[in-house]
Amino acid sequence: MFHFCLFSVSYLSFCFSVYTILSKVHSDRNVYPSAGVLFVHVLEREYFKGEFPPYPKPGEISNDPITFNTNLMGYPDRPGWLRYIQRTPYSDGVLYGSPTVENVGKPTIIEITAYNRRTFETARHNLIINIMSAEDFPLPYQAEFFIRNMNVEEMLASEVLGDFLGAVKNVWQPERLNAINITSALDRGGRVPLPINDMKEGVYVMVGADVPFSSCLREVENPQNQLRCSQEMEPVITCDKKFRTQFHIDWCKISLVDNTKQVSTFQEVIRGEGILPDGGEYKPPSDTLKSRDYYSDFLITLAVPSAIALVLFLILAYIMCCRREGVEKRNMQTPDIQLVHHSAIQKSTKELRDMSKNREIAWPLSTLPVFHPVTGEIVPPLHTDSYDNTSMPLMQTQQNLPHQTQIPQQQSAGEFRMTTFQRFEASI
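Here the structure is a predicted model, which means the values were calculated and not measured.

**Q** Would you take a moment to explain the overall build of the protein chain for this structure?
**A** A tally of regular secondary structure across the protein chain gives eight helices and 17 strands. The buried share among the 428 residues of the protein chain stands at 30%. Pairs at least 24 residues apart make up 61% of the contacts formed inside the protein chain by residues separated by at least 6 positions. Within the structure as shown, the protein chain displays about 30600 Å² of accessible surface, and the carbon and sulfur contribution to it stands at 56%.

If you want it as structure tokens, here you go:
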């Protein structure tokens, strides 16, 4: 256990304790943290390198990647109050947390297994945590700060935590000041920061003291600062400069808890003489079960709904089948003149449809035989009989039409011109 002492600006000294145990192999380590005080246990890679084979290249420093696995003996995970973090296989692992009062006097055995990622070998030893009760716990005044420019493993370093507690001591001026707990912002639902500008995830640090909060810490409760926080603006805190040099504190997320003003809801249990009041002789239920007839339940559940459905089906069948008017009744109720008109329309429609079936489509002029105007020879058609006539032009040319004859006529100047007339043939 390392003991740190810091000095404030006003030359007032104070001391705080942070439990830091350097791991060693082949031996169990006993630690004695106090309930309600921050506990930190560092797993250093250097102490486990001796358990693994030497580096294959002589003369080079071994820098094997080593990871750790921690769990409660006989269980797959750690106790609820104990957390573990290791950023990379080339950094040390850290166990940290705040022991609870419920575990006071009960030894907690943590199995620590080191894995060499180069050789796949392991080394193991046990850490025995003996939680002691603290006389001054819990401290009545507790404040939780959110530091935006720190990660949890950076804040767990003894020198960084000492600087922060020194700044809080200078602002608060308590006689006793303890670090109660440290929590990463990711464990509180925070988002992983972007890997730009060396952004940090943030960390919550809870401290406890034995004196009321200072006026500087009370400034966060002012209506003006509360309004600025609701508008996502920085509140005006006079003592922020004492933290700003190293720690960027989000004053809108600070939490002040005064346990002296909290009303206890615990009700003392009044124990009686242990004798129940006389309620008469106890009569247990009979061992034999009485038979029950389920015939009535069957009728109510199945027979009645089936009968109702059958009646509805018969009514619907009578309406759909027995109440139809029919064609004859419709014709009887229709006037005769309307029936005559309707019959005439039907006959005319049928006659037009029959005529349209027998209608022939004229062949295009390009497919008919043509006579040469001079020799009188028959010119073969341009297309065969199987030619698709759907693309026939709507307007047919008037030159060289069939059944047409050209007769030369003499004009006044002695010239002849051809006169065309159409020849019609009547078939008898």
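**Q** Explain the sheet that holds strand 13 (residues 255-258) to me, please; I cannot follow it from the model alone.
**A** Each strand in a sheet pairs with its neighbour through backbone hydrogen bonds, running either in the same direction (parallel) or in the opposite one (antiparallel). Judged by pairing direction, the sheet is antiparallel, and its four strands sit side by side in the order 11-12-10-13 without closing on themselves. The open sheet has two edge strands with one neighbour each: strand 11 (177-184) and strand 13. Between one strand axis and the next, the sheet turns through 15° on average, direction left out of account. In terms of strand pairing, strand 10 (residues 141-147) meets strand 12 (residues 203-209) through seven bridges, oriented antiparallel. Residue pairing for strand 12: glutamate 144 is matched across the bridge by methionine 206.

**Q** When you look at the sheet that holds strand 8 (residues 108-116) in this model, what are you seeing that I'm missing?
**A** Taken together, four strands build an open sheet; the order of strands is 3-9-8-5 and the sheet is mixed. Whereas interior strands pair on both sides, the edge strands pair on one side only; in this sheet they are strand 3 (29-31) and strand 5 (66-72). Sheet twist, expressed as the mean angle between neighbouring strand axes with direction ignored, is 25°. Here eight bridges tie strand 8 to strand 9 (residues 122-129), and the two strands are oriented antiparallel to one another. Its bridge partner being in strand 9, isoleucine 110 is matched across the sheet by leucine 127.

**Q** How should the state of the cysteines be read in this particular structure?
**A** Two cysteines joined by a covalent bond between their sulfur atoms form a disulfide. Summed over the entire model, instances satisfying the criterion amount to two disulfides. A sulfur-sulfur distance of 1.5 Å marks the disulfide that ties cysteine 216 to cysteine 239. Because the sign of the S-S torsion sets the handedness, a value of about -75° for the bond joining cysteine 216 and cysteine 239 places this disulfide among the left-handed ones. With cysteine 216 in helix 3 (residues 215-218) and cysteine 239 in the loop between helix 4 (223-230) and helix 5 (241-244), this pair connects stretches of sequence that are 23 residues apart. For cysteine 216, a relative accessible area of 7% gives the class buried. Its relative accessible area of 5% is what places cysteine 239 among the buried residues. Cysteine 229 shares a disulfide with cysteine 252; S-S distance 2.2 Å. The sign of the S-S torsion, about -85°, decides the handedness of the disulfide formed by cysteine 229 and cysteine 252: left-handed.

**Q** Is there a simple way to think about the environment of glutamate 232 in this case?
**A** By the secondary structure assignment, glutamate 232 is in the loop between helix 4 and helix 5. With 20 residues separating them along the chain, glutamate 232 and cysteine 252 place their C-alpha atoms 8.7 Å apart.

**Q** In this structure, what is going on with unusual backbone geometry? I would like to understand it.
**A** It is generally the case that most residues other than glycine have a negative phi and that most peptide bonds are trans. If you check the backbone angles, phenylalanine 120 has positive phi at about 60° while not being a glycine. The exposure class assigned to phenylalanine 120 is exposed, which follows from its relative accessible area of 70%. Despite not being glycine, glutamate 232 shows a phi value in the positive range, around 60°. A relative accessible area of 78% places glutamate 232 in the exposed class.

**Q** Honestly, the pattern of salt bridges in this entry has me stumped. Any pointers?
**A** Per the stated rule, a full pass over the model turns up eleven salt bridges. With a shortest N-O distance of 3.3 Å, glutamate 221 and arginine 218 are connected by a salt bridge. With relative accessibility at 42%, the residue glutamate 221 sits in the partly exposed group. Judged by its relative accessible area of 29%, arginine 218 falls in the partly exposed class. Each of Arg87, Glu153 and Glu201 takes part in one network of salt bridges that share partners.

Thresholds applied
- Residues numbered from 1 in each chain as written.
- Predicted model: local features only at pLDDT ≥ 70, side-chain atom pairs only at ≥ 80, totals over all residues.
- Heavy atoms only, no water.
- Helix = DSSP H or I, 4+ residues; strand = E, 2+ residues; numbered from the N terminus.
- Buried < 20%, exposed > 50% of the residue type's maximum accessible area, 1.4 Å probe, protein only.
- Contact = heavy atoms within 4.5 Å.
- Areas by Shrake-Rupley, 256 points an atom, 1.4 Å probe, with all protein chains shown as cover.
- Pairing = 2+ DSSP bridges.
- Axes fitted to C-alpha atoms, helices over the stretch in contact; angles between N-to-C directions.
- Disulfide = S-S within 2.5 Å.
- Salt bridge = Lys/Arg side-chain N within 4 Å of Asp/Glu carboxyl O.

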